[in-house]
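# Chain and residue survey
Here is how the chains run, residue by residue.
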Amino acid sequence: MFVDLLNKYKNSINGFIQVGAHIGQQVNTFLEIENKNIYLFEPNKQALAELERFENEPRVKIFNFGLGNSNTKLQFYISSNKQGVSSSFLKPDLHEKYFPEVKFQKKELVEIKKFSSLENINANFLVIDVQGYEIDVLKGFEEKIKNIDFIFSEISLVNFYENNTLISDLDDFLNNKEFLRIKTSLISNVPMGDAFYINKKFLSRSEIYLYTMKSKIQISRIYRFFNLFKDRKKLIYHLKNKLKSFIK
């Protein structure tokens, strides 16, 4: 979905902001879109060591701090898996149930800043992967959210972390900022996925109506039930785990 969206809207994209860049899994994809600056934010020093392989790319700017709704330092829960994958400013909750292999064994204070306090960043495509901290990041944009046209974000339907942003919260917040969710991809056996929001100025009235209806259907219980069957291997894995829990 991600690559298709970039190709579809590349002529309207003037740059990329990625909050939670981790080790830069998407950077090469960004670089394929010519003449666009790329701004990467990653507070985890372990991941930063990998991310810095892009520091010689003239279009890539790397920032070793997180984004949030204040200029301060926050406790960061760091996982011991894959250069700190799934690390968050929020305390893990159901994450340990769905991903028992991921262990959060370290905490440290890290710096966060409001995006509104930053200068000389010109980009309108925002990518957010911050493990439930999405609305805090977006609040920190303040009036600069008006410079953003596209938002690609990880989404959650349950509390993987304590008081994390749920997709309904994200929909409501962004709708008030004139964004609409037009693409949704849910993992078949885990209540999470990715979503793409676009500024309503790109949509006709009929498209706004249709996408509004579609976005509600795609997070409904019945849609999520049928979504379980789209990946046979994951369905079997899910059923085996349920059976193990029942036997215990």
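So, here is what we can say about the structure in this document. (Residues numbered from 1 in each chain as written. Predicted model: local features only at pLDDT ≥ 70, side-chain atom pairs only at ≥ 80, totals over all residues. Heavy atoms only, no water.)

### Brief notes about the sheet that holds strand β4 (residues 66–67)
If you trace the three strands from one edge of the open sheet to the other, you get β4-β6-β5, paired in mixed fashion. Edge strands, defined here as strands with exactly one partner in the open sheet, are β4 and β5 (72–79). In this structure, β4 lies alongside strand β6 (residues 104–113), joined through two bridges in parallel fashion. Of the residues in β6, the one forming a bridge with G66 is I112. (Pairing = 2+ DSSP bridges. Helix = DSSP H or I, 4+ residues; strand = E, 2+ residues; numbered from the N terminus.)

### Topic: helix α6 (residues 167–175)
Of the residues making up α6, those classed as buried are I167, L170, D171, F173 and L174. For α6, the secondary structure elements touched by its buried residues are α5 (134–139), β8 (150–156), β9 (179–186) and β10 (192–199). (Buried < 20%, exposed > 50% of the residue type's maximum accessible area, 1.4 Å probe, protein only. Contact = heavy atoms within 4.5 Å.)

### Side note on the side chain of N199
With respect to the helices and strands, the residue N199 is situated in strand β10. Relative accessible area serves as the criterion here: at 12%, N199 is assigned to the buried category. With near-sequence residues (within four places) excluded, N199 lies in contact with I148, D149, E178 and F179.

### Some words on the pairing of strand β3 (residues 60–63)
Direction of pairing for strand β2 (residues 37–41) relative to β3: parallel, over a ladder of four bridges. When the bridges of β3 are listed, F41 appears paired with F63. In the classification by handedness, the crossover that spans β2, the intervening helix α3 (residues 45–51) and the parallel β3 is right-handed. (Right-handed = clockwise from strand over helix to strand, strands pointing away.)

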